[in-house]
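# Summary of the model geometry
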Amino acid sequence: MTSSAVREADVAAPAAASAPPAGRGRRRGRSDLGWALVFVLPLFAGIALFYLWPIVRNVWFSFTEWGPFGDSEWVGLDNYIELAGDATMGRAILNTLGYTAMLLCGVPLAIYFASLLNRPGLRFANLFRTAFFLPYVAMPAAISMVWRIIYNGDFGILNYALSLIGIDGPAWLSTEGVALVAVALVGIWISLGFNLIILSAGMKGIPVELYEAASLDGATRWKQFTTITVPLLTPSIFFVSVMTVIAGFQVFDLLYALMGTQNPAIDKTQSVVYYFFTNIKTGDNGYAAAIGVVILLLVGIFTMLQFRLQKKWVTYV
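All of the points below concern the structure found in this document. (Residues numbered from 1 in each chain as written. Predicted model: local features only at pLDDT ≥ 70, side-chain atom pairs only at ≥ 80, totals over all residues. Heavy atoms only, no water.)

Within the chain, the secondary structure is distributed over 16 helices and 2 strands. Counting every position in the chain, which comprises 317 residues, the buried fraction comes to 33%. Look at the contacts in the chain between residues 6 or more apart in sequence, and 66% of them connect residues 24 or more apart. Only carbon and sulfur atoms are counted for the fraction: they give 68% of the accessible area of the chain, which is about 19,600 Å². (Helix = DSSP H or I, 4+ residues; strand = E, 2+ residues; numbered from the N terminus. Buried < 20%, exposed > 50% of the residue type's maximum accessible area, 1.4 Å probe, protein only. Contact = heavy atoms within 4.5 Å. Areas by Shrake-Rupley, 256 points an atom, 1.4 Å probe, with all protein chains shown as cover.)

This is the structure we're talking about:
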């Protein structure tokens, strides 16, 4: 045997000795897979039990009609055919779309406030963030009680302030057309804190060197905001926009707490979820389930549309 062959054998021997047997490697792989399933299965079970199964049951109920004693019968597509010609449902969809569009107007406002709170050297920045975030964590019923007093047409502080400049304010929550705008303004005020926190976190991830270089080149604060902050903040803006659209399509508690059920403007202001609630209250569960399926489809369609469009305007660094 030559000296080179001896050296190769000496190098290969320790490697072969240290390599585990093939059977032991397969057993270890199965063991790792088993432990992974142990930790993952509870999560999947929770998702299946509390999310997927209710969706499947709701879809099933949408093809049925319920009697006053809880009995149901299969009616096929009758509920969906009735929905297609339901003018109240069409109005509720338009109200929901309008509310969601107005809610999205709060996103640029949140971007502006986040940029102000992230200015270097700003004192009490954390206190301001907390003040903005408090409405988001407060109870909707408590918030609604305060805003019902503010919006009161007779002794509300808003109409009193308008009267000081010679404007006769309307009954904000009981006037058709005005009521939806009033509810949307409260929704913007509530969501502003959440959006501001997310956008502020995104701004902290933007390198400071970019602003320093732009400042040396003579860029103004507005120019830095439009050419650096907004483009690099688009992932956070995209996330906030998706969450805002989902929240807009799910609006119910704020509308219910502000306007109630006896409000003369509620029929023209109700959202899709509110219309779902009224049908549940009257015992028309099959029709309400069909409305729930429509809500799910609307949220899915608009979310998918946002994900498709984000490729054209979202900049990932």
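Structure's up, so let's keep going.
One pass over the structure, following the stated rule, counts 21 aromatic pairs. Measuring from ring centre to ring centre gives 5.0 Å for Trp60 and Trp74, while their planes differ by 45°; the resulting arrangement is tilted. One end of the pair, Trp60, is in helix H2 (residues 22–61); the other, Trp74, is in strand S2 (residues 72–74), with 14 residues separating them in the sequence. Between Phe113 and Phe132 the ring centres are 5.2 Å apart and the planes differ by 45°, which places this aromatic pair in the tilted class. With Phe113 in helix H5 (residues 106–117) and Phe132 in helix H6 (residues 125–137), the pair connects residues that are 19 residues apart, well separated along the chain. By relative accessible area, which is 23% here, Phe132 ends up partly exposed. (Phe/Tyr/Trp six-rings, centres within 6.5 Å; stacked < 30°, edge-to-face > 60°.)

What follows covers the pattern of salt bridges. Here the structure, examined in full by the defined rule, presents 1 salt bridge. With its nearest N and O atoms 3.3 Å apart, the salt bridge here joins Arg91 to Glu176. With Arg91 in helix H4 (residues 87–104) and Glu176 in the loop between helix H8 (157–163) and helix H9 (178–204), this pair connects stretches of sequence that are 85 residues apart. A relative accessible area of 30% means that Arg91 is categorised as partly exposed. Overall, Glu176 belongs to the partly exposed group, its relative accessible area being 47%. (Salt bridge = Lys/Arg side-chain N within 4 Å of Asp/Glu carboxyl O.)

In this section: unusual backbone geometry. A positive phi is found at Phe124, a non-glycine position, where the angle reads about 60°. Exposure remark for Phe124: the relative accessible area of 53% places this residue in the exposed category.

Counting 24 residues, the largest nonpolar core has Tyr99, Tyr151, Val183, Val186, Leu254, Leu258 and Met259 as its most contacted members. Among the secondary structure elements, those contributing two or more residues to this core are H4, helix H7 (140–151), H9 and helix H13 (253–259). Among the elements that make up this core, the one with the highest residue count is H9 (8 residues). If near-sequence neighbours (up to four positions away) are discounted, Val183 is found in contact with Tyr99, Leu173, Leu254, Leu255, Leu258 and Met259. By size, the runner-up hydrophobic cluster in this structure holds 15 residues, among which are Phe249, Ile295, Leu298 and Val299. (Core = buried A, V, L, I, M, F, W, Y, C linked by side-chain atoms within 4.5 Å.)

This paragraph deals with the side chain of Thr234. Mapped onto the elements of the fold, Thr234 is located in helix H12 (residues 234–249). Taking the relative accessible area as the measure of exposure, Thr234 reaches 5% and is therefore buried. Among residues more than four places away in sequence, those in contact with Thr234 are Trp313, Val314 and Thr315.

Glancing now at H5. When the terminal C-alpha atoms of H5 are compared, their 16 Å separation across 12 residues agrees well with the 16 Å that a helix rising 1.5 Å per residue should span. Within the span of H5, buried status applies to Gly106, Val107, Ala110, Ile111, Ala114, Ser115 and Leu117. Considering only its buried residues, H5 is in contact with H4, H6, H9, helix H11 (221–232) and H12. (Expected span 1.5 Å × (residues − 1).)

What follows deals with the environment of Thr175. Within the fold, Thr175 resides in the loop between H8 and H9. Dropping the residues within four chain positions of it, Thr175 is found in contact with Pro170 and Ala265. Engagement of the side chain of Thr175 in a polar contact is seen with the backbone oxygen of Ala171, the distance being 2.7 Å. (Polar contact = N/O pair within 3.5 Å; in protein donor to acceptor, adjacent residues only side chain to side chain.)

On to the packing of H7 against H9. It is the contact of H7 with H9, at a shortest axis distance of 12 Å, that shows an interaxial angle of 135°. The orientation of H7 with respect to H9, classified from their angle, is oblique. For the pair H7 and H9, the sense of crossing is right-handed. Where H7 approaches H9, its residues Ile143, Trp147 and Tyr151 are matched on the opposing element by Ala182, Leu185, Val186, Trp189 and Ile190. By residue class, the composition of the contact of H7 with H9 is 8 nonpolar, no polar and no charged. (Axes fitted to C-alpha atoms, helices over the stretch in contact; angles between N-to-C directions. Parallel < 35°, antiparallel > 145°, perpendicular 65-115°, else oblique. Left-handed = near helix turned anticlockwise from the far one by under 90°. Nonpolar A, V, L, I, M, F, W, Y, C, P; charged D, E, K, R; others polar.)

A word on a negative patch on the surface. A cluster of acidic residues, Glu65, Asp71, Glu73, Asp78 and Glu82, forms a negative patch on the protein surface. Summarising the element assignment, Glu73 is placed in strand S2. (Patch = residues over 30% accessible without salt bridge, like charges linked within 9 Å, V, L, I, M, F, W, Y side chains within 5 Å. Lys, Arg positive; Asp, Glu negative; His and termini not counted. Charge placed at Lys NZ, Arg CZ, Asp CG, Glu CD.)

Our focus in this paragraph is the side chain of Ser200. Mapped onto the secondary structure, Ser200 falls in helix H9. What Ser200 contacts, discounting residues up to four positions off in sequence, is Ala114, Asn118 and Arg129.

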